[in-house]
Amino acid sequence: MVADGPDWRGNAPAGKADGMPGTAAVMAGTGGTRWGTGGNPFRPRPYLLLALLILLSNSFNVMTAVQEGEWAGKPLSWWFIAMLEGSSGIMILATSILPALALARAPLSAPWGRQALAHLPALLLFSTLHVVGMAGLRELCSWLFDLNYHFRLSPDVMLYEFRKDAITYIVFAAIFVATGLGRVRPETDTGMPSPVTTYAPTPIAPAQFDIRDGARLWRVPVVDILAVRSAGNYAEFLLADGRALLMRATLTQVLADLSPHGLVRPHRSWLVNPAHVRAVLPDGSGDYSLTLSDSRTIPASRRYPAALAALRGT
């Protein structure tokens, strides 16, 4: 039989020892991310979605105000309404990096106190920059186009805007999470493909076959078996080192074990290892003779065309 486990001396197969695997994984590189474990906050995809969302929202607000003919209770032209909405939209988009940074530093996971410590300051800064920047842009437009408009910054206005900004912040954070930011990742995840893992090849021991010759058991590499000859109720193994070992078995039984390792049956009384066949010569009667690596000649019958085709490489 072909041996896969330890040999009869109790030795482990090549490449394994003490139950340890024979292959050793070697990492081709290590990774790390400067933004904690929540991902890269500078990927453009979520910002494109936010820009589209802001554009649609502002367009809807402008059309609604134009249809009603007024904005904040005052009759105004559509371009003025667009300036007011646009200044808010520009600052919201400009400050949208804040929830992204907070999610990158503190991805959604327990402890939730860490989430509050990360997002509450980001929300306060988000709202403050939005309102102050929006007021600055409107004052600039009023000065450039000589408009009689002034944005009044006061605690009441800041609180009013903060309530709306809190909802906006939550919506933005949800969009970032939906696009992959803010999810818990391994510390080595950089958002890039995982490092390639290569494996040191394990030397593979040649397949071996157990030949029980009388009271002795011989374990020989399959590659050292030149041929096997039927000898009544026995099979005679012809080996590369010149030995001939007898085992009580039929040729059919031996072929069942050795055919997966390449041995073929070119004759009813012979098995042969194609690796040791040096010549396939016709004998004039339609049959053939095979010359082995030890110069021995054995017969091959035309009644075994599959074996002959394998030996001829066709």
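In this report, we go over the structure that sits alongside the text. (Residues numbered from 1 in each chain as written. Predicted model: local features only at pLDDT ≥ 70, side-chain atom pairs only at ≥ 80, totals over all residues. Heavy atoms only, no water.)

Here's the deal with the nonpolar core
Here is step 1 of the chain: L50, L103, F126, Y169, F172, F176 and L181 are the most contacted members of the largest nonpolar core, which totals 20 residues.
Here is step 2 of the chain: Listing elements by their share of this core, those giving two or more residues are α1 (44-68), α3 (97-105), α4 (112-144) and α5 (155-178).
Here is step 3 of the chain: Every residue in contact with Y169, bar those within four places of it in the chain, is listed here: L98, P99, A102, H119, A122, L123 and F126.
Here is step 4 of the chain: With 17 residues, the next largest nonpolar core counts V222, M247, L258 and L271 among its residues. (Core = buried A, V, L, I, M, F, W, Y, C linked by side-chain atoms within 4.5 Å. Buried < 20%, exposed > 50% of the residue type's maximum accessible area, 1.4 Å probe, protein only. Helix = DSSP H or I, 4+ residues; strand = E, 2+ residues; numbered from the N terminus. Contact = heavy atoms within 4.5 Å.)

With respect to the sheet that holds strand β13 (residues 297-300)
Here is step 1 of the chain: One open sheet accounts for three strands, arranged β11-β12-β13; its pairing is antiparallel. The open sheet is flanked by β11 (277-282) and β13, the only strands paired with a single partner. Recorded for the sheet is a direction-independent mean angle of 25 degrees between the axes of neighbouring strands.
Here is step 2 of the chain: Two elements, strand β12 (residues 288-292) and β13, share four bridges in a ladder whose sense is antiparallel. (Pairing = 2+ DSSP bridges. Axes fitted to C-alpha atoms, helices over the stretch in contact; angles between N-to-C directions.)

Quick notes on unusual backbone geometry
Here is step 1 of the chain: The phi dihedral of S295 falls on the positive side, at around 75 degrees, and the residue is not glycine.
Here is step 2 of the chain: When you line up the elements, S295 lands in the loop between β12 and β13.

Section: α1
An α-helical segment advances 3.6 residues per turn. Residues three or four places apart therefore align on the same side.
Here is step 1 of the chain: The end-to-end C-alpha distance of α1 is 36 Å, a good match for the 36 Å that 25 residues give at a rise of 1.5 Å each.
Here is step 2 of the chain: Buried residues of α1: P46, Y47, L50, I54, N58, V62 and A65, and no others.
Here is step 3 of the chain: Taken together, the buried residues of α1 touch α2 (78-94), α3 and α5. (Expected span 1.5 Å × (residues − 1).)

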